[in-house]
Structure formats: structure tokens, C-alpha cells
Amino acid sequence: MYIEYSGALSDNLIISPSTPEIVRFVNDSHIVTCSGNKGVKILWQNPKGEILLITKGRIHVEEISTRGIENVALVFETINVMDAGYWFCHIKDTATKRFFRLVVNEEISFMDTPTLQNTTENNDVTIRCGVKGIPEPSAAWYYSGKKILFPHEKYTKLADGLLIRNVTKNQSGEYTCRAYQISDKINEYDEKTIKLTVHHKPICIQVEDKDNVKFGYLNGYVNLTCICTAKPRSIFSWYNNFGTRMDNQFQLNTQIFNDDHISVLQVFINDSKLFGKYTCTGRNNLGFAESTIVLTEGKRPDLPNKFEIQGFNSDSVSIDVEATGSVDIVKYRFDLLSDKEYKEKETWNTAHRYEFPTANGKVYLISGLNQNTTYLIRAASYNLAGSSEYTESKVFTTLPMKLPVSSGYCLSKYSLLMLRVLYVVVAVFPPIISATFV
């Protein structure tokens, strides 16, 4: 039976600090002293019952004698999990003992938890998240910031991760493993986010209308767009109406531009035989998909026959435009360039482009311009087949910003006129005006 101490002198044996239970984290340091009368032999005993005699090391004892008192310090340079338990101090060859209980907590850590994890669609996958800590943590799972509630038809919570059954590409994204330590001595949490990438075969998305028809006109350019999402990304191929694979190297009137999930076939229609069906295929190691676009002959839209600058101020301009000869106009495009830049480069390639859907009686407003700057602007109309030619450019100069007067106000001519009128009215009808403002 052990004698619990209270910090008071009993048989001249005292432990300091006198806390019966000491709570520390892994890798913390700590010192406890045990003191008795001069000349007694004080010993420290670990939780295994072993007497500690070493004077150097991770855990060791140090003898300190001061003012007729024997002090033996128990030194923990770094604490680990195995140090938890009851530590005893006693006088050699006596039954007198004192003890304290060392509680060792371990902060939450994540083991075997890669932040990037991959799988293949339609498989069962476990997102690995091994959580370690003392007290033993409990874990919760979140997908895209939303907590996953268990039981769940798609997810199963495991001791070391999250099981997803028959995973789909739509379940790609960020999963967060959040661990909690809750007890009467500790209340902590930590989390780790894992990005899951689900590999899948290509899926092509229809870009054009319901019949996947794209209009073009003779001696004009047209862009046929193919979008196929895939992991790993698709390798694209294009085939013309005759089943011939198209290649930049051999097709003089076409050019192919590829990006991550998109391929664009640009066709210069210099022959009516180029109208017809074009097939795009996307392929990776998991499969392939295809999309067909029907290039159909249309009519090039008419040049806007009405193009007028309605007004402008220091940072915007309003334009009235209309192509009255065409009934199928879907939008208007405006190219805008400063006069200075045009004179330096003599090209419209760096112009800012603004596009607006058509609307009857609408005046189109372009804002965000620089004050007191001369601009050139031109317009073109668009239908489903493409764009018209551009109009002749027009020139306008934005107004300079009006600076405040010294009093802090800037009055227009109309405001000054109204003040003069009010002054005259007050002078002629002072009693009425006074009553009005009381």
C-alpha cells in the first residue's frame, strides 16, 4: 500500500511539486525533487519497479545537498509514452514512500496519410487517414466542407480511413479527416485534407445546339470545338466527312489547337466540299468517346449599316449600332484602341474587345476608359455563321476629370444658374422663403 503525500513533512520525505498527478505531452521536459534529512539515502523508482541510478541520459537523477537537506531530482529531458505511470521516491531500507502519477498525452498526428490520392472510377477505394494520439482520437470526415453523416450508402468509416464504394468521377475533390481528443485533461483537434483524383475515361460534352450543328460560310473561318473531360486527359483526333484523319501537317485549310480538355478545329472554308460531318475523338488509357459536329453552310451577316457614338464622358462611351439588312444577328462586337497605341503599332491585334447580345432599341455602354484620351472604335455583327466585316473606325476623346474647387465643391453651370434664381426669389419674397425653411 502506498502512502500518498500532500506536500507536508512526513518522515522528513517531501516531493516537489506536490501535485499527485502531472500531465505532460510527448517530448516535454520535467523535473521532480524528493527531499529528506541530511544523510539519508533517497532513491527513485520507475513504473516498472526499477531503481533509477544513472546520472545522465533522457531520464536520470541528480543529487543536490543544501542546508542540511538531501535532495534528489528526477529529471525528464524528453518525455515519451512509455514514461506514463506511478513514480516512487523512498528512503533506502525504510517503508516510507511518496509517489506521483505521470500522465503522458500525445498530440494528434497523421500517419500514412498522403495529401494526394488517386483511384479509378467504379472501384472501391479507401482514402487513407491513420490518426495517432493519446488519448486516442476520434475522427470525423468532411467532403468539400460538408460533414459526412454515418451510416451512409456510399461511405463507410474505417479505423484508418474512409471507404468509398463504386467511386465515380463526381466524387473527386477534397476530403478532410478531422481528429478530436476530448477528455477531462485535454480538448484538442487537428485535421488533414486529402485531394482525391478519380481517373475515368473521356466524356465528351456537346457544345453546339441540340443537333450539334455549326454554321459557316464560303471563304470564311469557322471554329469547331470539342470538349472531352478525362483523367488522364484526352488525346484528341479529328476526322472529316470522308473518314480521313485530319492533321496540321497535311491539311492546308485546317488547323488544330489542343488544351487540357478542349480541342478546336479551325477550318478555312474555301470549298463547299468542306461542309459536312466532322468527328472528334478523345482517348486515354481507360477508353474513348467521340463527338460529331455538322458544319452547315450559312450566310455571312451584313455589315452594321448604323454605327453612331451617342455620347461619352470621362470614363465611358455609348454606341448605337444596327445591321438592318440581317434578321439573324445574335451579337455585336466592338474593338477599341487608343489613338496613341494604334499609331505606334498600326494594328488592331491588341485592341480591347467587347461583345453584347442584340436588343432592340438598346444603346451599348463601354466603361472603364481613361480620361482625356482619344480612342478609335469599330464594330462588327455576328450571326450563327460567324462575323461580318468591320465598319470603318470612329474617333472620340473622353472628357477630362473635373477637379474640385478649393472649397471642396464643383458646381455645374446649371447648379450656378439655380443658385442665382434662388437668390432672386429670396430677395423678392423673403417672408415666404423664411417660412418655408423654418
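For the structure, check the block above.
All values derive from a computational prediction rather than experimental measurement. The residue count restarts for each chain, going from 1 along the sequence in the order it is written. Since the coordinates come from a predicted model, pLDDT governs what is reported: local features require at least 70, and pairs of side-chain atoms require 80 or more to be given and counted, while whole-chain, interface and lining totals use all residues. The side-chain figures draw on all heavy atoms in the structure; neither hydrogens nor water molecules are used.

(A) Quick peek at the overall build of the protein chain. What counts as a helix is a DSSP run of H or I of at least four residues, what counts as a strand is a run of E of at least two, and both are numbered from the N terminus. Looking only at helices and strands, the protein chain has three helices and 34 strands in total. Burial statistics for the protein chain: of 438 residues in total, 36% are counted as buried. Residues count as neighbours in contact if any of their non-hydrogen atoms are within 4.5 Å of one another. Within the protein chain, residue pairs in contact and separated by at least 24 positions form 62% of the contacts whose partners lie at least 6 positions apart. When the accessible surface of the protein chain is split by element, carbon and sulfur atoms take 51% of a total near 26,400 Å². Here's how the labels work: a residue is buried when its accessible area is under 20% of the maximum for its type, exposed when over 50%, partly exposed in between, all with a 1.4 Å probe on protein chains only. For every accessible area listed, the method is Shrake-Rupley and the probe measures 1.4 Å; residues are considered covered only by the protein chains on display.

(B) Examining the state of the cysteines more closely. When the sulfur atoms of two cysteines come within 2.5 Å, that pair is taken as a disulfide. Here the structure, examined in full by the defined rule, presents four disulfides. Each sulfur in the disulfide pair Cys34 and Cys89 lies 1.6 Å from the other. Across the disulfide from Cys34 to Cys89, rotation about the S-S bond amounts to roughly -70°, and the bridge is consequently left-handed. Taken as a pair, Cys34 in strand 3 (residues 30-37) and Cys89 in strand 8 (residues 85-91) lie far apart in primary sequence, 55 residues in all. The burial state of Cys34 is the same as that of Cys89; both residues are buried. A sulfur-sulfur separation of 2.2 Å characterises the disulfide bridge that pairs Cys129 with Cys177. One disulfide, between Cys129 and Cys177, carries an S-S torsion of -80° and so falls in the left-handed class. Separated by 48 residues along the polypeptide, Cys129 in the loop between strand 11 (125-128) and strand 12 (130-134) and Cys177 in strand 17 (residues 173-182) bring together distant segments of the chain.

(C) Local environment of the pairing of strand 23 (residues 254-258). Being paired, for any two strands, means DSSP has found at least two bridges between them. Pairing of strand 23 with strand 24 (residues 262-268), which is carried by five bridges, proceeds in the antiparallel orientation. Following the sheet pairing, Thr254 is matched in strand 24 by Val267. In sequence, strand 23 turns back onto strand 24 through a hairpin of three residues.

(D) View of the packing of aromatic side chains. For this analysis, a ring pair means two rings from Phe, Tyr or Trp (six-membered ring only for Trp) whose centres lie within 6.5 Å, classed as stacked if their planes differ by under 30 degrees, edge-to-face if by over 60, and tilted for the remaining angles. Evaluation of the coordinates by the stated rule reveals 15 aromatic pairs. Measuring from centroid to centroid gives 5.9 Å for Phe334 and Tyr364, while their planes differ by 50°, and the two rings are tilted. Of this pair, Phe334 sits in strand 29 (residues 331-338) while Tyr364 is found in strand 31 (residues 364-367), placing the two residues 30 residues apart along the sequence. Taking the centre distance of 5.7 Å and the plane angle of 50° together, the rings of Tyr342 and Trp348 count as tilted. On the basis of relative accessible area, Tyr342 is assigned to the partly exposed category, the value being 29%.

(E) Quick look at the nonpolar core. Judged by nonpolar contacts, the single largest core of 20 residues is most densely connected at Trp44, Leu74, Phe76, Trp87 and Phe100. Among the secondary structure elements, those contributing two or more residues to this core are strand 3, strand 4 (42-45), strand 6 (59-66), strand 7 (69-76), strand 8 and strand 9 (97-111). Excluding residues that lie within four positions of it along the chain, Trp87 makes contacts with Trp44, Gln45, Asn46, Pro47, Leu52, Ile59, Leu74, Phe76, Arg98, Phe99, Phe100 and Leu102. In this text, buried Ala, Val, Leu, Ile, Met, Phe, Trp, Tyr and Cys residues form a nonpolar core when linked through side-chain atoms within 4.5 Å.

(F) A look at the sheet that holds strand 11. Read across the sheet, three strands follow the order 11-16-15 without closing on themselves; strand pairing throughout is antiparallel. In this open sheet, the two edge strands, each paired with only one partner strand, are strand 11 and strand 15 (155-158). Pairwise comparison of adjacent strand axes, ignoring direction, gives a mean angle of 25° for this sheet. Pairing analysis gives four bridges linking strand 15 to strand 16 (residues 161-164), with the strands arranged antiparallel. Across the sheet, residue Tyr155 finds its bridge partner in strand 16, namely Ile164. Here an angle of 0 to 180 degrees is reported between the N-to-C directions of two axes, which are lines fitted to C-alpha atoms, with helices fitted over the stretch in contact.

(G) Main features of the sheet that holds strand 19 (residues 213-216). The sheet built from five strands is open, its strands ordered 19-26-25-21-22 with mixed pairing. Two strands in the sheet have a free side with no partner beyond their single neighbour: strand 19 and strand 22 (245-246). In the sheet, strand 19 pairs with strand 26 (residues 287-297) via four bridges, with the strands oriented parallel. For Gly216, the partnering residue across the bridge sits in strand 26 and is Glu297.

(H) Fine view of the pattern of salt bridges. The salt bridge criterion pairs a side-chain nitrogen of Lys or Arg with a carboxyl oxygen of Asp or Glu, the two atoms within 4 Å. All told, the structure shown has 15 salt bridges when counted by the stated rule. Here Asp83 makes a salt bridge to Arg58, at a shortest N to O gap of 2.7 Å. Of this pair, Asp83 sits in the loop between strand 7 and strand 8 while Arg58 sits in the loop between strand 5 (51-52) and strand 6, and the two are 25 residues apart along the sequence. A salt bridge links Glu106 to Lys132; the shortest N-O distance between them is 3.6 Å.

(I) Layout of the environment of Met401. Position of Met401 relative to the elements: it lies in the loop between strand 34 (394-397) and helix 2 (413-428). Not counting residues within four places of it along the chain, the set of residues in contact with Met401 comprises Ser314 and Gln371.

(J) The environment of Asn37, seen in detail. Note that Asn37 resides in strand 3. Among the residues examined, Asn37 registers a relative accessible area of 35% and is labelled partly exposed. In the structure, Asn37 is positioned 28 residues away from Ser65 in sequence and 9.9 Å away in space, judged by C-alpha atoms.

(K) Spatial organisation of the pairing of strand 10 (residues 116-120). Side chains of strand 10 alternate between two faces, with Gln117 and Thr119 buried and Leu116, Asn118 and Thr120 left unburied. Pairing analysis gives five bridges linking strand 10 to strand 18 (residues 187-205), with the strands arranged parallel. Following the sheet pairing, Asn118 is matched in strand 18 by Thr197.

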